[in-house]
Amino acid sequence: MASRKPTKETDMKTLLQINSSLFGNGGQSSQLADRFVAQWKARNPRGIVIVRDLARDPVPHLTAERFGAFLAKPEERTVEQQAVIRYSDALIDELKRADVIVLGLPMYNFGVPSALKAYFDHVARAGETFRYTANGPVGLLTGKEAHVFATRGGAYAGTARDSQTPFVREFLNFVGIERVQFVYAEKLAMGDEHKQQALAAAHARIDGHAADFAAEPLAA
Ligand SMILES: Cc1cc2nc3c(=O)[nH]c(=O)nc-3n(C[C@H](O)[C@H](O)[C@H](O)COP(=O)(O)O)c2cc1C
């Protein structure tokens, strides 16, 4: 009888789920991300899932003091700067460990949640997640893929009014994460019919293509 030999590739992957909804687990974006993660976990039973909930554990705003810690030479860091670096390093270590990054992305006031921006500000670190070269910046978080679950009250995807998608894609690309796909649930505040349709379409994408990171674009 042929035995099924588990491969490291399918068994030992790590997924980092970053939720940025104000409403934590209850957010529509978190719930779409959860649906994807549950299916990923079923396909990767030995896979490790790390959840970072930015509503539960908010990342502080970047300040001149905190940014100063990023710039200070390691041997010259003050005690306070060392603490800032330890905190930033821990966030970056989670990203480095992850093979798959899942991002719950609500739209708030035409942009990304400020909680997510604060997180990005703490993981964009020269020498850690990117470096500058004579040819421009090079991202250091290579070999990863990201799945973004974007929820909106209105409809923006595929239009110039969508400020989130280019920004998030640009940021992830900048730190070296080049395989990025978006699944949208829009018109969530435009009546129950639109909402149910949008969620059903997002679920279908998650249950089908998105789960396998299909080559086809998933823009709505
Ligand atoms: C403070 C706040 C601001 C919002 N601003 C927008 C907006 O600018 N554009 C939009 O389409 N929807 C907006 N919405 C609606 C949310 O995008 C929508 O409810 C989405 O489901 C939020 O995702 P979440 O449930 O994961 O938090 C806003 C909601 C809140 C709570």
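Residues numbered from 1 in each chain as written. Predicted model: local features only at pLDDT ≥ 70, side-chain atom pairs only at ≥ 80, totals over all residues. Heavy atoms only, no water.

Caption draft 1: Representation of the site of the ligand within the structure. Close to the ligand lie 16 residues, the nearest being Ser21, Ser29, Met107, Tyr108 and Gly154. Met107 is positioned with one of its backbone polar atoms (N or O) 2.7 Å from an oxygen atom of the ligand. Between Gly154 and the ligand, the recorded distance is 2.7 Å, taken from a backbone N or O atom to an oxygen atom. Isolated, the ligand exposes 630 Å² of accessible area, and the fraction of that covered by the protein chains is 76%. Among the residues forming the shell around the ligand, the class breakdown is seven nonpolar, eight polar and one charged. (Near = heavy atom within 4 Å. Polar contact = N/O pair within 3.5 Å; in protein donor to acceptor, adjacent residues only side chain to side chain. Areas by Shrake-Rupley, 256 points an atom, 1.4 Å probe, with all protein chains shown as cover. Nonpolar A, V, L, I, M, F, W, Y, C, P; charged D, E, K, R; others polar.)

Caption draft 2: View of the sheet that holds strand 1 (residues 14–19). With respect to topology, five strands assemble into an open sheet ordered 2-1-3-6-7, the strand pairing being parallel. In this open sheet, the two strands that pair with only one neighbour each are strand 2 (48–53) and strand 7 (179–185). Within this sheet the neighbouring strands show an average axis-to-axis angle of 15°, counted without direction. Where strand 1 lies against strand 3 (residues 100–106), five bridges are found, and the strand directions are parallel. Across the sheet, residue Ile18 finds its bridge partner in strand 3, namely Leu103. Along the sheet, helix 2 (residues 28–43) makes contact with strand 1, strand 2, strand 3, strand 6 (145–151) and strand 7, crossing strand 1 at roughly 170°. (Pairing = 2+ DSSP bridges. Helix = DSSP H or I, 4+ residues; strand = E, 2+ residues; numbered from the N terminus. Axes fitted to C-alpha atoms, helices over the stretch in contact; angles between N-to-C directions. Contact = heavy atoms within 4.5 Å.)

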